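In case you want the letters, here they are:
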Amino acid sequence: MDRRLFLKYVGSSTAALVAASSGIDTLTSKASAMTANHLMNGQPSGNGKPLTAPFKPISRTWENDLVLPKGYRYNIIASYGDIINSKGERFGDSADLTVYFPIDSLEGGNNSEEGLIWVNHEFPEPENYMKILGIDPSTFNKANLSSYPELLKMEKEAVGGSVIHVKKEKGEWRLVKNDQYNRRIDANTPIRLTGPASGSKAVKGATTVTGTLGNCSGGRTLWNTVLSCEENTYYGDDYGWPDFIDEHYGWVVEVDPFNPNAPIRKHTALGRFAHENTAMGLTKDGRVVVYMGDDKADAFFYKFVSQKKFNPNNREANFDILESGTLYVADLGKQKWIALDYETNKDLQNYEKNGKKFFTSQADVLTYAREAGAAVKATPLDRPEDVEIHPYDGSVFLSLTNNSKHGNFHGQIIRLIPAEGDHGSERFTFEVFIAGGRQSGITCPDNLHFDSKGNLWVVEDFYATEDNVYAAYKNCGVFMIPTDGKQYGEPFQFASGPRGCEVTGPWFTPDERTLFLDVQHPETWNPYPGQRFGRSCLVAVQGGHFNK
C-alpha cells in the first residue's frame, strides 16, 4: 500500500458508520468509543483491575522527533545501513515487527538486559537508494531494473529480517557487533516450503523458494522462534523485480533466532494472503492456534488450528507443528469459523471463476486463501491487521485499520470471545472495543501489544497533511488503552513519531522497563549519512514505568 495516498476529508466517522461498514450492523446500537468489556463468560465487567496510565499523556504534535512523556528517553540501537556482523551484512530498511528473546530464553530465563531481537524489514525505498547510487529518478524505468544491478541488489538486501544481539550497557541498549547470532534473512535467502502446498502446481512445483519480502508484523511462538509475516506478494509489479513468482510469497515464515543453521521455512498450512501478524494460543486440548489478519480492504480474518498438540517439555518436538492442521475463516454474521477444507467443503469444490472450477486441491485453497474466503462467504472487513490475545481473559483483539471505500477512514478495534473460552471452538461472540475518530482520539489502529497488566498498546498507520482527513491527528502515535477498570477503553498517548513515519513493532522486555519500537520511513529524522532522507531504525525507550 502507498501510505502517502489518501482521499480528502469527508467528515469524522460515527459509531453507526463504523459498525455498518465493517459488516457488523448488529452492533450499531452498542458501538461507541468505549468497550463493552464482555469477558470470556459473556458477562460485562468494569470492576476489574484499576488499569490507568502511569505516565502523563502527551498531546498530538507535528514535531519532527520521537516525542515521549516527561521522564522517558530513547536511544537508537540500529538504523538502515548499519553493519551488523563481520560478513558486512547490513541492518535492513523499513523496520516493522520487533520480537525480543531474552538471551537465556531456551533455559526458561527472562533476562531483561541482554537478548536477541528479530526485526522485520517490510519494503525497500528505491528512490532513496537511487540518491545513494547517483541514479537520476527522472530517467529511471523499473521495467529496466535488471540494467541497474547495484540498485536491484540494494532493494533485495533491504527486505526480510535481521537477527541482532543486543545488550544494555551503562543504561543504554547497544548492538553487540560481529556477534555469532547477528545475521540477515533477505530476498536472496533460500527458504523451504512446508505443508500441503509445497511442491504443488499452485506454487509452480517449488519446494524451496528464493527469499522473503513484504515482512510486516508477525509473532513469537511458544517454543521461542519468530513468525515473520509476508504482507506484500506483488513486488514483481511494484518494483519491477525480474523473474518474480507471486505464489512464492505471502506466507508465514518461521525463523529460529538461536540457531543460524536451522532451516528457514514458509508454512503453507497457514494460508497465503497479505499477512499482517500472528497471535498464538492453545486450545483446551493443547493444540496450537494461530490468529491472522489479511491487510486489505474487504479481506478476511483467519485462524489456524494445528493437528499436533504442543509439547511444553521438548522444544524440537514443536518444530513441525505448523506444517499440518486446519485453516479457518471468520463469518461474523453467523459468529462462527468456517473450515477451509477442500475435501469437506462443497462451496470450495464448486467455486467457479471465469466459467471454470477454481480450486482442485487443498494446495489451491491455501495458495489462494483470499479467494477461498470469498467462496465460503466469509465476512469482508476493513483491513484486518494486527491481532493479539488478552493475557487474562483470552479474548482476541483485532485492529481494523480503515477502509476508505466505505467512508471508514479511522478504523476500529474489535474483540472476539471464543465460545466456552476455547480457542479451538468454532463459535464466538464479538463486540467493538474502540472506534477510531474524534470520540476516542485515535485513528487507523495497526500494531497491538499487551503489557502484563492487560493494558493494550496501540500504534497508528496513517499519513497526515495539513489539509487531509488526518490533519487533526498530526504525526502517528503510540497509545496505551486500559481494558478494565474505570478508564477502560480510554486511550492515553505515550509517543508521537517523527514526520512522515509510522511507529511500529512495540515489544516489552520481561521486566517491562524497556519498550522497543521501530520508526519506519521518517521523512528527514535520523538521516542517512551524507543524505537528507530519514532512516528507519530500532529504538529502545526507557525512563519510567509502562504500567502500574
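Source: prediction; values computed, not measured.

Thresholds applied
- Residues numbered from 1 in each chain as written.
- Predicted model: local features only at pLDDT ≥ 70, side-chain atom pairs only at ≥ 80, totals over all residues.
- Heavy atoms only, no water.
- Helix = DSSP H or I, 4+ residues; strand = E, 2+ residues; numbered from the N terminus.
- Rg over C-alpha atoms; globule rule 2.2 N^0.38 Å.
- Buried < 20%, exposed > 50% of the residue type's maximum accessible area, 1.4 Å probe, protein only.
- Contact = heavy atoms within 4.5 Å.
- Areas by Shrake-Rupley, 256 points an atom, 1.4 Å probe, with all protein chains shown as cover.
- Lys, Arg positive; Asp, Glu negative; His and termini not counted.
- Charge placed at Lys NZ, Arg CZ, Asp CG, Glu CD.
- Salt bridge = Lys/Arg side-chain N within 4 Å of Asp/Glu carboxyl O.
- Polar contact = N/O pair within 3.5 Å; in protein donor to acceptor, adjacent residues only side chain to side chain.
- Pairing = 2+ DSSP bridges.
- Axes fitted to C-alpha atoms, helices over the stretch in contact; angles between N-to-C directions.
- Phe/Tyr/Trp six-rings, centres within 6.5 Å; stacked < 30°, edge-to-face > 60°.
- Lys NZ or Arg CZ within 6 Å of the ring centre and 35° of its normal.
- Arc of directions from axis to C-beta.
- pLDDT = per-residue confidence, 0-100.
- Parallel < 35°, antiparallel > 145°, perpendicular 65-115°, else oblique.
- Left-handed = near helix turned anticlockwise from the far one by under 90°.
- Nonpolar A, V, L, I, M, F, W, Y, C, P; charged D, E, K, R; others polar.

**Some points on the overall build of the protein chain**
If you tally the helices and strands in the protein chain, you get seven helices and 32 strands. Here the protein chain has a C-alpha radius of gyration of 22 Å; the compact-globule value for 548 residues is 24 Å, and the two agree. C-alpha atoms of the protein chain, sized along the principal axes, occupy 55 × 55 × 55 Å. The proportion of buried residues among the 548 residues of the protein chain is 62%. For the protein chain, contacts bridging at least 24 residues in sequence account for 62% of all contacts bridging at least 6. Per element, the accessible surface of the protein chain, about 20900 Å² overall, is 47% carbon and sulfur. Each charge sign in the protein chain was given a centre, from 57 positive and 69 negative side chains, and these centres are 2 Å apart.

**A short note on the environment of Lys-405**
Locating Lys-405 in the fold gives a position in the loop between strand E23 (396-400) and strand E24 (412-418). On the basis of relative accessibility, which here comes to 60%, the residue Lys-405 falls in the exposed class. Placed 23 residues apart in sequence, Lys-405 and Asp-382 show a C-alpha to C-alpha distance of 9.2 Å. With sequence-adjacent residues up to four places away left out, Lys-405 is seen in contact with Ala-297 and Asp-298.

**A closer look at the side chain of Asp-93**
Checked against the element boundaries, Asp-93 lands in the loop between strand E1 (73-79) and strand E2 (95-102). No salt bridge forms around the buried Asp-93; measuring N to O, its nearest opposite-charge neighbour Arg-535 is 8.5 Å away. Apart from residues no more than four positions distant in its own chain, Asp-93 is found in contact with Tyr-80, His-121, Glu-122, Phe-123, Glu-125, Tyr-129, Ala-158 and Ser-536.

**Some points on the environment of Ser-536**
Mapping Ser-536 onto the fold places it in the loop between strand E31 (515-520) and strand E32 (537-542). By relative accessible area, Ser-536 is classed as buried at 2%. Distance in space between the C-alpha atoms of Ser-536 and Cys-501 is 8.6 Å, their sequence separation being 35 residues. Residues contacting Ser-536, with those up to four places away along its chain left out, are Ser-79, Tyr-80, Asp-93, Ser-94, Ala-95, Val-519, Gln-520, His-521, Pro-522 and Asn-526. Engagement of the side chain of Ser-536 in a polar contact is seen with the backbone nitrogen of His-521, the distance being 2.9 Å.

**Regarding unusual backbone geometry**
Positive phi values are uncommon outside glycine, yet Lys-204 reaches one of about 60 degrees. Residue placement: Lys-204 occurs in the loop between strand E7 (190-194) and strand E8 (208-210). We note that Cys-444 has phi near 50 degrees; this positive angle belongs to a residue other than glycine. Secondary-structure assignment places Cys-444 in the loop between strand E25 (428-435) and strand E26 (445-450).

**Side note on the sheet that holds strand E14 (residues 287-293)**
Read from one edge of the open sheet, five strands run E13-E14-E16-E17-E18, paired in antiparallel fashion. A strand with exactly one partner marks an edge of an open sheet, and here the two such strands are strand E13 (279-282) and strand E18 (336-339). Across the sheet, the mean angle from the axis of one strand to that of its neighbour is 30 degrees, orientation sign disregarded. One ladder, built from four bridges, connects E13 with E14; its direction is antiparallel. The partner of Gly-281 across the bridge, within E14, is Val-289.

**A closer look at the packing of aromatic side chains**
For any two aromatic rings, the description comes down to two numbers: the centre-to-centre distance and the angle of the planes. Counted according to the given criterion, the structure contains 40 aromatic pairs. Note on Phe-244 and Tyr-249: the rings are 4.8 Å apart at their centroids and 15 degrees apart in plane angle, and the pair reads as stacked. Aromatic ring contacts, followed pair by pair, group Phe-55, Tyr-72, Trp-457, Phe-494, Phe-508 and Phe-546 into a single cluster. For Lys-156, the ring lying beneath its charged end belongs to Trp-241, and the centroid distance is 5.6 Å. The ring of Tyr-328 is capped by Lys-303, whose NZ or CZ atom sits 5.6 Å from the centre of that ring.

**A closer look at helix H3 (residues 149-158)**
Regarding H3, the residues found buried are Leu-151, Leu-152, Met-154, Glu-155 and Ala-158. Projected down its long axis, H3 shows its buried positions confined to an angular sector of 160 degrees, all on one face. Turned more than 90 degrees from where H3 packs its buried face, Pro-149 and Glu-150 sit exposed. Turning to H3, the residues buried within the fold contact strand E3 (114-121), helix H2 (126-133), strand E6 (183-185) and helix H4 (235-239).

**Brief notes about the confidence of the model for the protein chain**
Chain-level statistics for the protein chain give a pLDDT mean of 91 and a share of 91% at 70 or above. Residue range residues 1-46 is modelled with pLDDT below 50. Its contacts to residues more than four positions away, or to other chains, number 118 contacts.

**Remarks on the packing of H2 against H3**
At a minimum axis separation of 10 Å, H2 and H3 run at an interaxial angle of 130 degrees. By the angle between their axes, H2 is oblique relative to H3. In the packing of H2 onto H3, the handedness of the crossing is right-handed. Counting all contacts with H2, which are made through Pro-126, Tyr-129, Met-130, Ile-132 and Leu-133, the residues of H3 involved are Glu-150, Leu-151, Met-154, Glu-155 and Ala-158. Of the residues in the contact of H2 with H3, the class split is eight nonpolar, no polar and two charged.

**Description of the sheet that holds strand E28 (residues 477-481)**
The sheet built from four strands is open, its strands ordered E26-E27-E28-E29 with antiparallel pairing. What marks the edges here is a single partner per strand, and that holds for E26 and strand E29 (492-496). Strand-to-strand, the axes of this sheet are offset by a mean angle of 25 degrees, without reference to chain direction. In terms of strand pairing, E26 meets strand E27 (residues 456-460) through four bridges, oriented antiparallel. Paired with Phe-450 across the bridge in E27 is Leu-456.

**Observations concerning the pattern of salt bridges**
Tallying each qualifying case throughout the model produces 19 salt bridges. A salt bridge links Glu-230 to Lys-266, with the shortest nitrogen-to-oxygen separation between them at 2.8 Å. Residue Glu-230 is located in strand E10 (residues 226-230), and its partner Lys-266 is located in strand E12 (residues 265-267); the two are separated by 36 residues in the primary sequence. Among the ionic pairs, Glu-385 bridges to Arg-383, the shortest N-O distance being 2.8 Å. Across the pair, exposure class does not vary: Glu-385 and Arg-383 are buried alike. The network of salt bridges with common partners includes Asp-295, Arg-383, Glu-385 and Asp-461.

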